[in-house]
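So you can see what is in the structure, the chains are spelled out below.
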2 protein chains.
Amino acid sequence: MLRGSGLRPTRQRMALAGILYAKGNRHISAEGLHEEAMSAKVPVSLATVYNTLHQFTEAGLLREVAVDGSKTYFDTNVTDHHHFFVEDDNQVIDIPEGGMGVGDIPEPPPGYEITRVDVVVRLRRVR
Amino acid sequence: MLRGSGLRPTRQRMALAGILYAKGNRHISAEGLHEEAMSAKVPVSLATVYNTLHQFTEAGLLREVAVDGSKTYFDTNVTDHHHFFVEDDNQVIDIPEGGMGVGDIPEPPPGYEITRVDVVVRLRRVR
DNA sequence: ATTTGTGCAAATCGTTTGCATCTGA
DNA sequence: TCAGATGCAAACGATTTGCACAAAT
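For clarity, every value in this text was computed on a predicted model and none was experimentally measured.

Caption draft 1: Structural view of the protein's contact with DNA strand D. Near DNA strand D there are 20 residues, and of these Thr10(A), Arg13(A), Thr48(A), Tyr50(B) and His54(B) occur at the shortest range. Sugar and phosphate atoms constitute 82% of the interface atoms of DNA strand D, taking the interface as everything within 4 Å of the protein. Between DNA strand D and the protein, one listed contact pairs a sugar or linking oxygen with a side-chain N or O atom of Gln12(A) at 2.8 Å. Contributing elements (two or more residues each) for the surface near DNA strand D: α1 (11–22) and α3 (46–58) of chain A together with α3 (46–58) of chain B. When residues of the surface near DNA strand D are assigned to their parent elements, the largest contribution, four residues, is made by α3(B). When grouped by side-chain class, the residues that make up the surface near DNA strand D number seven nonpolar, six polar and seven charged.

Okay, here's the thing in structure tokens:
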């Protein structure tokens, strides 16, 4: 998989890929992945985690999710889909594919082309 | 306007409000507003700009726009609408109201309610 | 007089970078 | 061998915070 993307299969990258793709689709932050790696007894530096996440993203293995908050989340689900965002605990959840459709997409201003349409449905816990 | 929102009309707040609402709808970052204030000969500290932006947002006078990038943008247009985001230069543009519709909004997971639906149409300059 | 806001500088947080050292092909 | 990867610590940019001072009611 790594080789197929032109990335050397190093110890760290293989371990991180293992964590990322072990249990279905995930939304994880750099810090989150770093912690998981540590508790899985895979000592990687935070810098390497950042490098790896960006390289994976460039290789199309991950997708950066821009929700609110200051943190960047990475999504192991690279298919076309949108997200719920729980404001109470900064949690990102996939909206099942086909679970929603975007209506009329507007014409982009002249000279521009659309690269992607992102929909974020913000949620709050009902009290 | 400030009084109506329960905010004391201080020199700085009035000056910042003036800049914000002077020329139609705007998308501005804290740093951007600070710079404009400075060149308008209104010396305010960056901390005060941040305070003011957040207070205005809480008061419903502004809306925080979560696009990509590390910066936070504030929108003087608080009506229901969505955004174009130009990736080349981090510019936020309003999609005219009614210019697009969101299709089927999905059921939120049980125990949650929808607070808002944000659509960001990402653009790239055509080369 | 009392409460609320402001400015400054230091602190924090997530992320990036420089560089010496290692490692996979 | 040697280009590419990693780790560390220092650098960074955006935002927040603590606290003394100033201004609004």
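Caption draft 2: Quick look at the pattern of salt bridges. Tallying each qualifying case throughout the model produces twelve salt bridges over all chains. We note a salt bridge from Arg26(A) to Glu36(A), for which the minimum N-O separation is 2.6 Å. Placement of Arg26(A) in the loop between α1 and β1 (27–29) and of Glu36(A) in helix α2 (residues 30–39) is noted, with a sequence separation of ten residues between them. Where Asp68(B) meets Arg122(B), a salt bridge forms, and the shortest distance between an N and an O atom there is 3.9 Å. Placement of the pair is Asp68(B) in the loop between β2 (63–65) and β3 (73–75) and Arg122(B) in strand β6 (residues 112–125), with a sequence separation of 54 residues. Residue class for Asp68(B) comes out partly exposed when judged on its relative accessible area of 31%. With relative accessibility at 3%, the residue Arg122(B) sits in the buried group. It is possible to trace a salt-bridge network through shared partners that takes in Asp68(A), Arg122(A), Arg116(B) and Asp118(B).

Caption draft 3: Quick peek at α3(B). Residues and elements named next belong to chain B. Over its 13 residues, α3 runs 19 Å from end to end, which matches the ideal 18 Å to within 8%, given 1.5 Å per residue. Inspection of α3 places Val-49, Thr-52, Leu-53 and Phe-56 among the buried residues, and these make up the whole buried set. Buried residues along α3 cover an arc of 100° about the axis, so they all sit on one side. Along its buried surface, α3 packs onto α1 (11–22), α2 (30–39) and β3. Note on α3: the residue one or two positions beyond its end, Gly-60, has a positive phi of about 85°.

Caption draft 4: Up close: the sheet that holds β3(B). Residues and elements named next belong to chain B. Pairing in this open sheet of three strands is antiparallel, and the strands run β1-β3-β2 from one edge to the other. In this open sheet, the two edge strands, each paired with only one partner strand, are β1 (27–29) and β2. Averaged over all adjacent pairs, the angle separating strand axes in this sheet is 40°, with direction ignored.

Caption draft 5: How the structure looks around the environment of Ile95(B). Mapped onto the elements of the fold, Ile95(B) is located in strand β5 (residues 91–95). Residue classification places Ile95(B) among the buried residues on the basis of a relative accessible area of 2%. Each C-alpha atom of the pair Ile95(B) and Asp118(B) lies 12 Å from the other, and the pair is 23 residues apart in sequence. Excluding residues that lie within four positions of it along the chain, Ile95(B) makes contacts with Pro106(A), His81(B), His82(B), His83(B), Phe84(B), Met100(B) and Val121(B).

Caption draft 6: Fine view of the pairing of strand β6 (residues 112–125) of chain A. Of the strand pairs in this sheet, strand β4 (residues 82–86) of chain A and β6(A) are connected by four bridges, and their pairing is parallel. Directly across from Phe84(A), in β6(A), lies its bridge partner Val121(A).

Each value, and the rule that gives it
- Residues numbered from 1 in each chain as written.
- Chains lettered and ligands numbered in written order.
- Predicted model: local features only at pLDDT ≥ 70, side-chain atom pairs only at ≥ 80, totals over all residues.
- Heavy atoms only, no water.
- Near = heavy atom within 4 Å.
- Polar contact = N/O pair within 3.5 Å; in protein donor to acceptor, adjacent residues only side chain to side chain.
- Helix = DSSP H or I, 4+ residues; strand = E, 2+ residues; numbered from the N terminus.
- Nonpolar A, V, L, I, M, F, W, Y, C, P; charged D, E, K, R; others polar.
- Salt bridge = Lys/Arg side-chain N within 4 Å of Asp/Glu carboxyl O.
- Buried < 20%, exposed > 50% of the residue type's maximum accessible area, 1.4 Å probe, protein only.
- Expected span 1.5 Å × (residues − 1).
- Arc of directions from axis to C-beta.
- Contact = heavy atoms within 4.5 Å.
- Pairing = 2+ DSSP bridges.
- Axes fitted to C-alpha atoms, helices over the stretch in contact; angles between N-to-C directions.

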